[in-house]
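As a plain string of letters, each chain reads:
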Amino acid sequence: ADGVIPFAIGSDTGDSIRKPAAYCGCVGYKPTYGMISRYGLFAFASSLDHVGVFTRSVEDAAIVADVIKGKDEHDMTSWDSSDIHLTEEISKKRPFKLFTIKEILESPEMDQDVYEAYQKTISLLQSHGIQIETVSIDKELLDVLPSVYTSISCAEATSNLSNLTGIIFGPRGEGKNVTEMMKDHRTKGFSPLIKRRLVIGSYVLQRENQEKYFVNAQRIRNRIVNIMKEYFKTYDACILPCSGHTAPKIEDAKDMMSHTSAILENHMVIGNFGGFPSISIPNATVHEMPTGINFTANQKEDAKLLNLAYLCEKWLKEKEEEE
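Residues numbered from 1 in each chain as written. Predicted model: local features only at pLDDT ≥ 70, side-chain atom pairs only at ≥ 80, totals over all residues. Heavy atoms only, no water.

1. With respect to the packing of aromatic side chains
Here's step 1: With the rule as written, the count across this model stands at six aromatic pairs.
Here's step 2: Taking 5.3 Å as the distance between ring centres and 75 degrees as the angle between the ring planes, the aromatic pair formed by F232 and F276 counts as edge-to-face. One end of the pair, F232, is in helix α10 (residues 210–232); the other, F276, is in the loop between α12 (269–273) and β7 (278–286), with 44 residues separating them in the sequence.
Here's step 3: Looking at F232, the relative accessible area reads 8%, which means it is buried.
Here's step 4: You can call F276 buried: its relative accessible area is 0%.
Here's step 5: Clustering of aromatic rings is evident, with ring pairs tying together F99, Y231, F232, Y235 and F276. (Phe/Tyr/Trp six-rings, centres within 6.5 Å; stacked < 30°, edge-to-face > 60°. Helix = DSSP H or I, 4+ residues; strand = E, 2+ residues; numbered from the N terminus. Buried < 20%, exposed > 50% of the residue type's maximum accessible area, 1.4 Å probe, protein only.)

Next comes the structure, spelled out in structure tokens:
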């Protein structure tokens, strides 16, 4: 955000590239699942983890992703994307048809100024010939997005981080036996946030709880992904605000899991559920702070997605210069 570096590589399991980028006035791009190898990344939730980029423009995101994407023998989930040329495709003129989701926009947590900035961008896109329609998704499904994410991600994290015992990795814990040493290491070595996640993950994976929590979470994830895929047959991408407010103050941030269940603040996890490419770009300054707008497209349609984001970014800058 300060312009010190041209780009940064990060990981996105729920929205951890796209929402920080929106809060800081940067571009945050999470490609299709497996497009960029995760080799070298400490796994958190393997079915949700994506490697992506932070940049200062959509074009830079395309350039960086073009260089680092591709099949990697060290990552079995990576795939051959050599026929996808993000930078070459970025400035094409395509007719776009987008959808936005009624239940998310109607969230009571939405700041009115953020909403108005989003609506102005919708009008701007429409003035350039982009069709945008509002669709509906069962609110009961959307309301459980945070719970589904917590169940799946914590369960996978518990499994992935089980090797962090202080014996194989990390500083050796104290104790009279291996169990005590592991307990001491994990007590001292993990923050309250990580401890909570591992406790939840262990609970979700217990034999008597698996069907109720973990398996049901996977069923709901599958339903949501199938709904999105059905919409992607008609529409090129989904457009939504990244958040209903600007970035929280540092002193208000705590090392704990979020208590909010607002779908407005958690909808970008859908991109991780389906492995969909998703990008956040700066939208407007509200209360002297950046806000962002998010586009999500169908799997492997990254070139189309970045093309859309590039055009939107271009039109927003032109409008800003006019004003």
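2. Topic: the nonpolar core
Here's step 1: In terms of nonpolar packing, the biggest core is built from 75 residues, with Y29, L98, I279, I281 and F295 touching the most fellow members.
Here's step 2: With nine residues, the top contributor of residues to this core is helix α13 (residues 302–322).
Here's step 3: Sequence-distant contacts of F295, defined by excluding residues within four places in its chain, comprise L98, L125, C238, I239, P277, S278, I279, I281, L305, L308, A309 and C312. (Core = buried A, V, L, I, M, F, W, Y, C linked by side-chain atoms within 4.5 Å. Contact = heavy atoms within 4.5 Å.)

3. Thoughts on the sheet that holds strand β1 (residues 7–12)
Here's step 1: Spatial ordering of the open sheet is given by β1-β3-β2-β7-β8-β6-β4-β5, a layout of eight strands whose pairing is mixed. Either end of the sheet is taken by a strand with one partner, and the two such strands are β1 and β5 (131–135). Averaged over all adjacent pairs, the angle separating strand axes in this sheet is 30 degrees, with direction ignored.
Here's step 2: Helix-sheet contacts for α13 involve β2 (27–30), β4 (97–101), β6 (237–241), β7 and β8 (289–297), and the interaxial angle to β7 is about 15 degrees. (Pairing = 2+ DSSP bridges. Axes fitted to C-alpha atoms, helices over the stretch in contact; angles between N-to-C directions.)

4. As for the pairing of β7
Here's step 1: Pairing between β2 and β7: three bridges, direction antiparallel. Among the inter-strand pairings, G28 is bridged to a residue of β7, identified as S280.
Here's step 2: Inspection of the sheet shows β7 paired to β8 by seven bridges, in the antiparallel sense. Counterpart to S278 in the pairing with β8 is T296.
Here's step 3: Count of turn residues in the β7/β8 antiparallel hairpin: two residues, of which H287 carries a positive phi of about 55 degrees.

5. Some details on the pattern of salt bridges
Here's step 1: As enumerated under the stated definition, the model contains 14 salt bridges in all.
Here's step 2: One salt bridge connects D143 with K139, and the closest N-O pair in it is separated by 3.0 Å. Separated by four residues within a single helix, D143 and K139 lie in helix α6 (residues 139–143), roughly one turn from each other.
Here's step 3: Using a relative accessible area of 32% as the deciding quantity, one classes D143 as partly exposed. (Salt bridge = Lys/Arg side-chain N within 4 Å of Asp/Glu carboxyl O.)

6. Some words on the environment of K69
Here's step 1: Following the sequence through the fold, K69 ends up in the loop between α2 (58–68) and α3 (86–89).
Here's step 2: It is 4.3 Å that separates the C-alpha atoms of K69 and I36, two residues lying 33 residues apart in sequence.
Here's step 3: Not counting residues within four places of it along the chain, the set of residues in contact with K69 comprises M35, I36, S81, S82 and I84.
Here's step 4: A distance of 2.9 Å separates a polar atom in the side chain of K69 from the backbone oxygen of I84. (Polar contact = N/O pair within 3.5 Å; in protein donor to acceptor, adjacent residues only side chain to side chain.)

7. Observations regarding the packing of α2 against α13
Here's step 1: Their axes nearest at 9 Å, the elements α2 and α13 cross at an angle of 155 degrees. Here α2 is positioned roughly antiparallel relative to α13, judged by the angle of their axes. When α2 is examined against α13, the residues V58, E59, A61 and A62 are found in contact with a partner set consisting of L306, A309, Y310 and E313.
Here's step 2: Residue classes in the contact of α2 with α13 are distributed as six nonpolar, no polar and two charged. (Parallel < 35°, antiparallel > 145°, perpendicular 65-115°, else oblique. Nonpolar A, V, L, I, M, F, W, Y, C, P; charged D, E, K, R; others polar.)

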